[in-house]
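Structural characterization, general
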Amino acid sequence: MAKPTRITNSIRALRFASGEMTQADLAQRIGVTRQTIIAIEQGRYSPSLEIAFQIAQVFRVPLDAVFQYPGDGDGKR
Amino acid sequence: MSYEEKGTWVYLVTSAGAYAVYLVIIIGRMLSTPVGQVPYVAVLLWATGASIVASIVGRTLVETARPTESRRTDVRDREIYRFGEYASRWFIVAGAGAALFMAMARWDYFWIANVIYLGFVLWAVVGSAVKLVAYRRGLQLRHG
């Protein structure tokens, strides 16, 4: 039923690079539950574009520094 | 486990449990009474009411025993809820469709009421199961 997403993310690394921000802190800043942050980090949930941008804004990085999609730049679609 | 996920577990258990008790009572009566005369209405109403009350009480008890850090519902909870309802809606349609044809064919009220009740139970149980799988294994909605 749930096809694994091909989207990967660097949220865990970005959290640690941001003063070891906790999942609860990040969740509170973007208005979701901690379980949702866990699901996003583990690739079990693909967030909406709006939440994706909110996460990037929290870390003050571009969107593609947070989320990556395999095939970028190698001709795959 | 989020507040909504716990609530979904409680709803699944209470819905299935109430129907199991209903079946045991009704099948017991069917063994000694002709189907058309089986008194099922009161049991069905009690099972439905008990399921609702048990769901509310169960959720309160679960939260008391293992409190959730936040009772807030977020976008993921709402998406999973909609996904579960979307996936299980066919049981309501099937139950209503079957009841329609049974009524036109003049089946006994007992069977018509029970096929509708079964449709509601399957809607609740399958919908809850789909939501729990989405919570555990992930939800990847396909857009377009």
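Preceding this paragraph is the structure being described.
Okay, so let's go over this structure. As a convention, each chain's residues are numbered from 1 in the sequence order in which they are written. To label them, take the chains in the order written and letter them from A, then take the ligands in the order written and number them from 1. Residues qualify for local features only when their pLDDT is at least 70, as the model is predicted, and side-chain atom pairs are given and counted only at 80 or more; totals for whole chains, interfaces and linings, by contrast, use all residues. With hydrogens and water excluded, all non-hydrogen atoms of the structure serve as input to the side-chain values.

**Observations concerning the overall build of chain A**
Numbered from the N terminus, helices here are DSSP runs of H or I no shorter than four residues, and strands are runs of E no shorter than two. Within chain A, the regular secondary structure consists of five helices and two strands. Along the chain direction, N to C, the helices and strands of chain A fall in the order β-α-α-α-α-α-β. Per-residue burial over chain A gives 39% buried out of 77 residues. In this analysis, two residues are considered to be in contact whenever any of their non-hydrogen atoms come within 4.5 Å of each other. When contacts within chain A are restricted to residue pairs at least 6 apart in sequence, those whose partners lie at least 24 apart make up 57%. Using a 1.4 Å probe, accessible areas were evaluated by the Shrake-Rupley method; residue-level cover was limited to the displayed protein chains. Counting only carbon and sulfur atoms, one obtains 50% of the accessible surface of chain A, whose full area is about 4,700 Å². Only protein chains enter the area calculation, which uses a 1.4 Å probe; residues under 20% of their type maximum are buried, those over 50% are exposed, and those in between are partly exposed.

**Digging into the packing of aromatic side chains**
Residue and element names in this part refer to chain B. Two rings from Phe, Tyr or Trp (for Trp, the six-membered ring) form a pair when their centres are within 6.5 Å of each other. A pair whose planes differ by under 30 degrees is stacked, one over 60 is edge-to-face, and the rest are tilted. Considering all chains together, one arrives at six aromatic pairs over all chains under this definition. With a centroid separation of 5.0 Å and an interplanar angle of 90°, the aromatic rings of Tyr-22 and Tyr-117 are classed as edge-to-face. In this pair, Tyr-22 is assigned in helix α1 (residues 3-30) and Tyr-117 in helix α4 (residues 109-137), connecting sequence segments 95 residues apart. Of the two residues examined, Tyr-22 and Tyr-117, each falls in the buried class. The rings of Tyr-19, Tyr-22 and Tyr-117 are connected pair by pair, giving a single aromatic cluster. The cationic tip of Arg-59 hangs over the ring face of Tyr-3; the distance from NZ or CZ to the ring centre is 4.1 Å. Just above the ring of Tyr-86 sits the side chain of Arg-89; from NZ or CZ to the centre is 4.0 Å. Ring-over charges, as used throughout, are those where CZ of Arg or NZ of Lys falls within 6 Å of the ring centre and within 35 degrees of the ring normal.

**Examining the nonpolar core**
Nonpolar side chains tend to gather and get buried jointly when the protein is soluble and globular. Residues grouped as a nonpolar core are buried Ala, Val, Leu, Ile, Met, Phe, Trp, Tyr and Cys residues, joined through side-chain atoms within 4.5 Å. With 19 residues, the main nonpolar core has Ile-11, Leu-26, Ile-30, Ile-55, Phe-59, Val-66 and Phe-67 of chain A as its most contacted residues. Looking at this core, the element that brings in the most residues is helix α4 (residues 49-59) of chain A, giving six residues. Core analysis: the second largest hydrophobic core is formed by eleven residues, Tyr-22, Ile-26, Leu-44 and Phe-110 of chain B among them.

**Quick word on the interface of chain A and chain B**
The interface is formed by 17 residues belonging to chain A together with 20 residues belonging to chain B. In total, chain A and chain B occlude about 1,600 Å² of area from one another, counting both sides; carbon and sulfur atoms represent 49% of this. We define a salt bridge as a contact between a side-chain nitrogen of Lys or Arg and a carboxyl oxygen of Asp or Glu at a distance within 4 Å. Remark: the boundary between chain A and chain B carries zero salt bridges. Two N or O atoms form a polar contact when they lie within 3.5 Å of each other; inside protein one atom must be a possible hydrogen donor and the other a possible acceptor, and for residues adjacent in sequence the pair counts only when both atoms belong to side chains. Counting across the chain A and chain B interface gives five residue pairs in polar contact (both at pLDDT 80 or more). Think of it as three bins: nonpolar holds Ala, Val, Leu, Ile, Met, Phe, Trp, Tyr, Cys and Pro, charged holds Asp, Glu, Lys and Arg, and polar takes everything else, Gly as well. Its residues assigned to classes, the side of chain A that touches chain B comprises seven nonpolar, seven polar and three charged. Two parts placed together each lose some accessible area; with a 1.4 Å probe, that loss summed over both constitutes the buried area.

**Thoughts on the environment of Thr-36 of chain A**
Residue and element names in this part refer to chain A. Among the structural elements, Thr-36 can be located in helix α3 (residues 34-41). Residue classification places Thr-36 among the buried residues on the basis of a relative accessible area of 1%. Along the sequence, Thr-36 and Ser-46 sit ten residues apart, while their C-alpha atoms lie 9.8 Å from each other.

**A look at unusual backbone geometry**
In this structure, Arg-60 of chain A takes a positive phi of about 55° despite not being glycine. Mapping Arg-60 of chain A onto the fold places it in the loop between α4 and α5 (63-66).

Keep in mind these numbers describe shape, not what the thing actually does.
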